[in-house]
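Here are the chains, one letter per residue:
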Amino acid sequence: MARGLSVRRPSTAPAWLLLGPACAVLVLLFVVPIGYVLLLSVTDPRLGLAHYQRIFTAPVYTRILVNTFVTSLIVTGLCLVLGYPVAYVITRRPGRVATLLLTIVAMSFWTGFLVRTYAWLVILGGKGPVASSYLALGLGKAPQLLFTTLSSTLGMTHILLPYMILALYAVMKKIDPNHLKAAASLGARPGAGFREVFLPLSLPGVVNGSLLVFVTCLGFFVTPVLLGTPRDMMISQLINQQIEELLAWGFASAVAVVLLAATLLVLAIYNRFAGLDRLWG
Amino acid sequence: MLAVILAVLVALFLVAPIVIVVPMSFSTAISFEFPPPGYGLGYYAKYFTSEEWLAPTLNSLVIAVGAMVLTMLLVVPASFGYVRYRFRGKAVVNLLLMSPLIVPHVVSALAYYGFLGRAKLTGTHLGVILAHGVLAVPVAFLVISATLKGFDQNLERAAMSAGAGPFRTFFHVTLPVLRPGMLVGALFAFLSSFNEAVVALFIGGREAATLPKKMYESIRLESDPVIAVVSTLLVSAVVLGVLIAVFMRGRSVHAS
């Protein structure tokens, strides 16, 4: 640390002294375990690419891949549609409303997945408020809401929405309000000002938020298990099932590698066009 | 105006499910029933006397503190090394430090299940602490390196030219200025472990079962209403934390 303070002579030795422990631990306790999964996927129980062949050819598994992808797209779309107005209002109407909205977003962001998943079990359950309002309104017995595609989509959207809003807000708050004033003074109506000026400037936030939600959704586990149906299984559920019920290490590892590869592919596309630093910064 | 109405509706959608757990925790129903048929403190009594729930609560706290300490021990020096020096392979180091954020948690969970299982560390506190400590590195690194980038090094130069040694400068100038950022980084690391479910589910076992793992199992296997009590306590902690943050932010805005 002491050496870190002398900046005149740029030597890289102290940098490695400072970074060494973190890098060593990450290699040993992260890269190696992930590498072990990679290795298992082609060696367990015997050497070869049989697991991968099975994943991409057996209809049971291709359906799970497609379903994961489609579900993630739907959840991302829903988060975007629901999140955009919230981020917009927080940015453009500073004051009590914005503070309240931001507080609510932060609250739900920090509330654990399991608390929120449990809440949806109550809301959509057979003895929940939706079912009882059906009865109260004389509509008869409510349809089965829990353990359906609808309930797991709703749950995942609810959980990932704060991420989308915060990603949108991070970009929107940097948009100079003078741009909009300039547009207005040049005769643009509020609608046109939004469409021509604000919306295009907010697009990086749209991309960041969508990427974040989509990638998280690809690997979502807890919520689809607890709220969804086995019929629309997601990739992560398949991994868990193969390990928990069948102890099929090789196959589970291959599925995990496919999930990892899909995630990396999405991130690589983003990196190509925007640069990952922008996502984290 | 339309946007405001939409935003408020979405905010209701966000907050209503979180609020609903509060009345549920005072319910007397034996299953998930809303509105509750009657109110009482029965499930609070059950939570605070049941080993089955208190043990995972304690585990979660111990593991989150352990993971936070591990993360900070790695990330604080690493951030200094990363921000203050130019060296070859910086991009690779950055990617390495951020990799736990890139890999889906279920993949990491599987990896740890296999790897820590071989080292006989699954189902132990140490195993979960190691895994959670590593997984929290990216978020802590982001926060602390950002704080460090905003640090004006002239402060250190001034202290040194005024005769302070490097250690004195570090402990009397650098550290105090960076403290808020470090605290935020530590808090994020703590919460990242405390809220983490998937890895804990795979490697926690019985001995090191965390609260999210216990909640998952209680929903899946028995629909135990005590989960409403746990949820209410967790939500209260979050509300308190966020209100403090909003209050502090308001104060700093007024001050500046």
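Calculation criteria
Residues numbered from 1 in each chain as written. Chains lettered and ligands numbered in written order. Predicted model: local features only at pLDDT ≥ 70, side-chain atom pairs only at ≥ 80, totals over all residues. Helix = DSSP H or I, 4+ residues; strand = E, 2+ residues; numbered from the N terminus. Rg over C-alpha atoms; globule rule 2.2 N^0.38 Å. Buried ≥ 20, exposed ≤ 12 C-beta atoms within 10 Å, placed from the backbone. Contact = placed C-beta atoms within 7 Å. Nonpolar A, V, L, I, M, F, W, Y, C, P; charged D, E, K, R; others polar. Core = buried A, V, L, I, M, F, W, Y, C linked by C-beta atoms within 7 Å. pLDDT = per-residue confidence, 0-100. Axes fitted to C-alpha atoms, helices over the stretch in contact; angles between N-to-C directions. Parallel < 35°, antiparallel > 145°, perpendicular 65-115°, else oblique. Bend = angle between axes of the 7 residues up to and from the residue. Left-handed = near helix turned anticlockwise from the far one by under 90°.

**Q** Would you mind going over the overall build of chain A in detail, with residue names and values included?
**A** Along its length, chain A carries 13 helices and zero strands. Each helix and strand of chain A, ordered N terminal to C terminal, gives the series α-α-α-α-α-α-α-α-α-α-α-α-α. Its C-alpha radius of gyration of 24 Å places chain A more than 25% over the 19 Å reference for a compact globule of 281 residues. By its C-alpha atoms, chain A is 80 × 70 × 35 Å across when sized along the principal axes. Split into buried and exposed, the 281 residues of chain A put 43% on the buried side.

**Q** Please give an account of the overall build of chain B that cites residues and values.
**A** In terms of helices and strands, chain B carries 12 helices and zero strands. Reading chain B from its N end, one meets helices and strands in the order α-α-α-α-α-α-α-α-α-α-α-α. Dimensions of chain B along its principal axes, counting C-alpha atoms only, are 70 × 55 × 35 Å. When burial is assessed residue by residue, chain B has 46% of its 256 residues classed as buried. Sequence separation of at least 24 residues holds for 74% of the intrachain contacts in chain B that already meet a minimum separation of 6.

**Q** With reference to specific residues and values, describe the interface of chain B and chain A.
**A** Contact residues are listed per partner, giving 75 residues for chain B and 75 residues for chain A. Here the side of chain B that touches chain A takes 13 residues from helix α1 (residues 2-25) of chain B, the largest share from any one element. Residues that form the side of chain B that touches chain A fall into these classes: 60 nonpolar, 10 polar and five charged.

**Q** Describe unusual backbone geometry, listing the residues and the values that go with them.
**A** Backbone geometry follows two general trends: most residues other than glycine have a negative phi, and most peptide bonds adopt the trans configuration. The residue after A:Asp44, namely A:Pro45, is reached through a cis peptide bond having omega 0°. Tracing the chain through its elements places A:Pro45 in the loop between α1 (13-43) and α2 (50-57). The step from B:Phe34 to B:Pro35 runs through a cis peptide bond, and the omega angle for that step is -5°. Along the chain, the position of B:Pro35 falls in the loop between α1 and α2 (42-49). Within the chain, A:Phe147 stands out as a residue other than glycine whose phi angle is a positive 60°. Its location among the elements puts A:Phe147 in the loop between α6 (129-136) and α7 (149-172). Among the residues examined, A:Phe147 registers 17 C-beta atoms within 10 Å and is labelled partly exposed. At B:Lys120, a position not held by glycine, the phi torsion is positive, near 55°. Examined against the element boundaries, B:Lys120 turns out to sit in the loop between α5 (105-118) and α6 (125-135).

**Q** Could you give an account of the nonpolar core, with specific residues and numbers?
**A** It is characteristic of soluble globular proteins that their nonpolar side chains tend to be buried jointly. With 157 residues, the main nonpolar core has A:Val255 and B:Leu110 as its most contacted residues. Excluding residues within four positions of it along the chain, B:Leu110 makes contact with A:Val37, A:Ile239, A:Ile243, A:Ala252, A:Ser253, A:Ala256 and B:Phe202.

**Q** Residues and numbers for the confidence of the model for chain B, please.
**A** Considering every residue of chain B, the mean pLDDT works out to 92; 98% of them sit at 70 or more. In the model of chain B, helix α12 (residues 226-255) of chain B stands out as the element of lowest mean pLDDT, 86, in contrast to α6(B), which has the highest, 98.

**Q** Describe in detail the packing of α1(A) against α5(B), supporting the description with residues and values.
**A** Following both chains from N to C, one finds α1(A) and α5(B) inclined at 90°, their axes separated by 8 Å at the closest point. As far as their axial angle goes, α5(B) and α1(A) are roughly perpendicular. Between α1(A), through A:Val32, A:Pro33, A:Ile34, A:Tyr36, A:Val37 and A:Leu40, and α5(B), the contact on the second element is made entirely by B:Val107, B:Leu110, B:Ala111, B:Tyr112, B:Gly114 and B:Phe115. Residue composition of the contact of α1(A) with α5(B), by class: 11 nonpolar, one polar and no charged.

**Q** Describe in detail helix α9 (residues 166-195) of chain B, supporting the description with residues and values.
**A** Its maximal kink placed at B:Arg179, α9(B) deviates by approximately 55°, while the proline B:Pro180 follows within four residues. Buried within α9(B) we find B:Thr169, B:Val173, B:Thr174, B:Leu178, B:Gly185, B:Ala186, B:Ala189, B:Phe190, B:Ser192, B:Ser193, B:Phe194 and B:Asn195.

**Q** Would you mind going over the environment of B:Pro212 in detail, with residue names and values included?
**A** Structurally, the position occupied by B:Pro212 is in helix α11 (residues 211-222). Those residues in contact with B:Pro212 that lie beyond four places of it in its chain are A:Gly112, A:Leu114, B:Asn195, B:Glu196, B:Ala197 and B:Ala200.

**Q** Quick one: what's the story with the packing of helix α4 (residues 96-110) of chain A against α7(A), residue by residue and with numbers?
**A** All names here are of chain A. Interaxial distance between α4 and α7 falls to 8 Å at its minimum, and their mutual angle equals 130°. Comparing their axes, α7 and α4 come out oblique. Taken as a pair, α4 and α7 cross one another with a handedness that is left-handed. Contact residues: α4 offers Val105, Ser108 and Phe109, while α7 offers Pro162, Ile165 and Leu166.

**Q** Describe in detail the confidence of the model for chain A, supporting the description with residues and values.
**A** Looking at chain A, pLDDT values average 90 and 95% of them are 70 or higher. Within chain A, helix α3 (residues 59-92) of chain A carries the highest mean pLDDT (96), whereas helix α13 (residues 276-280) of chain A carries the lowest (68).

**Q** So what's going on with the environment of A:Leu80? Residues and values would help.
**A** All names here are of chain A. Mapped onto the elements of the fold, Leu80 is located in helix α3. The partly exposed category is assigned to Leu80, around which 16 C-beta atoms lie within 10 Å. On a C-alpha basis, the gap between Leu80 and Gly140 in space is 34 Å, while along the polypeptide they are 60 residues apart. In this view, Leu80 contacts Met164, Val206, Gly209 and Ser210; residues no more than four positions away in its chain are not counted.

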